[in-house]
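Spelled out from the first residue to the last, the chains are:
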Amino acid sequence: MADQIKAAMPEASFEFELLERDPDHLRTVVAMPNQTRPLIDHASLKLKHRIGRGPFGDVWLATHHQSADDFYEYHEVAVKMLHPLRDDHAQTFVDRFEELFFKCREIQGVCWLHGISIINGKIGIAMKFYEGSLDDRIAWLKGGKLQLSHVLRYGIDLAKVIRALHSVRFLVLNLKPSNFLLDEHDQLILGDFGIPYLLRGIPLLDSDMVLRLGTPNYMAPEQWEPEVRGPISFETDAWGFGCSIIEMLTGVQPWFGRSLEEIYQTVVIRKEKPDIPSGLPPALENVIKGCFEYDIRNRPQMADIMHAFESSQTAVFSDGGWSGLGSRGLTERSNGKGYTAWYLLKDCLQVGDMVRSRKPLNGCKPQTPVIPEGIVVGLDIGADKSDFVLVKISRLHNPLRVQASTLERVTSGFSAGDWVRLKEEKSKHSPMGIIHSMQRDGSATVGFLGLDTLWTGNSSELEMAKAYYVGQFVRLKANVFTPRFEWPRKRGGAWATGRISEILPNGCLVVRFPGRLVFGEEANFFLADPAEVEHVSFDTCAGMVGKYQHVEDFHWALRPFAITLSLYAAVKLSISIGRNVNAKLKKGRRNTSSGVDREGHAGRNAVWLPPPVANIIFKEGVPTASAR
């Protein structure tokens, strides 16, 4: 494998001090002026000893030797040795790394990369060596807590470098204090530039990292199964950022002491969130809460996080302290339409935009639009002009003053949140998905089940699809024989009908089956591809039998209740019939006791019946013969 990946010729490097405004804080920069490729000859790297271990490999202290006709030098470097990869996967990783290499060198705050090499069949990434990390700093502090002023400063530096990586279309996915290195000026340096992102789709041999991307304690829910619960996006890094800030404030790692399976059950299945310290500045508390929204569309972007941290610096006490000793859980959003302020900040309206009333996010049913369609003709000139816009509607003479948060922008007939279908279906992923962003030039990003990242393309490749909502009943289509996910059947073998309880950002449906009675730990919710299911309602059920069967889908107790009600009705009917028969028998006995039957003969036979038989028939004893 090392022979297939040829190394570039070594280039001379040098360090210089970069002056940036403040002469007391110089930044050391390593320069390699003529390096055209990131590949390093493995013979020039001499490994010394291991200094760290991570989920993707080990970190070694090494020396990088460079020589030419007129010089010889070496640098002390840190080499991240990844777990073994197959040859074809290793070449894929090297190609992705080469795309990122020179972009990272232009970003301040990212660890300086020397290059990549193949050492003993493993990929090694050589980077500048730093003495310590923020994790080491936390471990040395009494109580393990950083001052709020330091947390804000580190947080701003971290948000800046993450935002810069996002600007070149790369995600980090492995944010944690042990990856935040500190230079000689106590400036934060990001040590992991996005290795999990480069490894996506590449299985690691003899490792449990096949289905997840990152370190479990800091991973967002979508990182565990990105193709199913994804997609991963820029907002995915906000979750890891929030976990890192909480550890800086408390000195305790999120989900500390829990196993891999316990963290998965906590974060993905039960949807629990880390506790945040109380007493923080409101802006800081709100943005950390936003980092832990389960829908990636509701999380803040790095620009929003930077603004919140910068505005919170004025709220810090003069001694760098902050109030509050306890902690409390995060509360769920109470917005009736399901949107957070961070969602609404991602697309500001401009004059000339086509708009319509905003639909609820995964709502139970579509709402009747107040404004079906209009054009923004102006912004409000009052103090809250950013919150209101003037909308011109064709049927009205004067424009309406409407709150901007109640409107959504429409471009080429599409808007963020719309359900769409690809005109040319792909076999790898579902053809149905949800639009995440719609640019004014017609470009769109869409979440599709089966893709680990957002699909990027033009609106001309999409067509509108029928939307699904939380609360709808669905079942697999009749022509689906091998669904993407497991799906239960009824007793007769037909597909069962379930109710949508959640819609993931990629359109994947989480369906529960209230009509099934389960016991113990048996799961009663299943995932579904939206392209494989159909909506079920009273209108779509044929005949009374079909409608009754749909009623049973609402809850498993309806069938035994119906059976009990039927038995009760049958018993009541039997008692009623018995009473009517008994009343007629009594009436007949009265006629017989009068001495005349239907044929005019005297009723003498009852007197001669044996007393037990007479008691059974007449229940009043044997009639006494009248005296003659």
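Just above sits the structure.
Keep in mind it's a predicted model, so treat the numbers as computed, not measured. (Residues numbered from 1 in each chain as written. Predicted model: local features only at pLDDT ≥ 70, side-chain atom pairs only at ≥ 80, totals over all residues. Heavy atoms only, no water.)

(A) Molecular detail of the packing of helix 3 (residues 148-167) against helix 10 (residues 302-312). Running from N to C, helix 3 and helix 10 point in directions that differ by 160°, and their axes come no closer than 9 Å. When the interaxial angle is binned, helix 3 and helix 10 end up roughly antiparallel. Note that helix 3 runs across helix 10; the crossing there is left-handed. For the pair helix 3 and helix 10, contact is made by V151, L152, G155, I156, A159, K160, I162, R163 and H166 and by M302, A303, I305, M306, F309, E310 and S312, respectively. (Axes fitted to C-alpha atoms, helices over the stretch in contact; angles between N-to-C directions. Helix = DSSP H or I, 4+ residues; strand = E, 2+ residues; numbered from the N terminus. Parallel < 35°, antiparallel > 145°, perpendicular 65-115°, else oblique. Left-handed = near helix turned anticlockwise from the far one by under 90°. Contact = heavy atoms within 4.5 Å.)

(B) Quick look at the side chain of S117. Inspection of the secondary structure assignment puts S117 in strand 6 (residues 113-119). The class of S117 is buried, set by a relative accessible area of 4%. Among the polar contacts listed, one links the side chain of S117 to the backbone oxygen of I40, at a separation of 2.9 Å. Within polar-contact distance, the side chain of S117 engages the backbone nitrogen of H42 at 3.3 Å. Apart from the residues lying within four places of it in its own chain, the contact partners of S117 are I40, D41, H42, L45, K122, I123 and G124. (Buried < 20%, exposed > 50% of the residue type's maximum accessible area, 1.4 Å probe, protein only. Polar contact = N/O pair within 3.5 Å; in protein donor to acceptor, adjacent residues only side chain to side chain.)

(C) Region of the structure containing the sheet that holds strand 8 (residues 132-133). Ordered in space as 8-9-10, the three strands form an open sheet in which the pairing is antiparallel. The open sheet has two edge strands with one neighbour each: strand 8 and strand 10 (188-190). Relative to strand 10, strand 9 (residues 180-182) runs antiparallel, the two sharing three bridges. The residue bridging F180 from the neighbouring strand is L190, located in strand 10. Each of strand 9 and strand 10 is contacted by helix 3, which is oriented at about 30° to strand 10, the strand it contacts most. (Pairing = 2+ DSSP bridges.)

(D) Main features of the sheet that holds strand 19 (residues 432-438). The five strands lie next to each other as 21-20-19-18-22, forming an open sheet whose pairing is antiparallel. Both edges of this open sheet fall to strand 21 (455-458) and strand 22 (462-464), since each of them pairs with a single strand only. When strand polarity is set aside, the average angle formed by the axes of neighbouring strands in this sheet is 45°. Bridge analysis of strand 20 (residues 443-448) against strand 21 gives four bridges, and the strand direction is antiparallel. Its bridge partner being in strand 21, T445 is matched across the sheet by T456.

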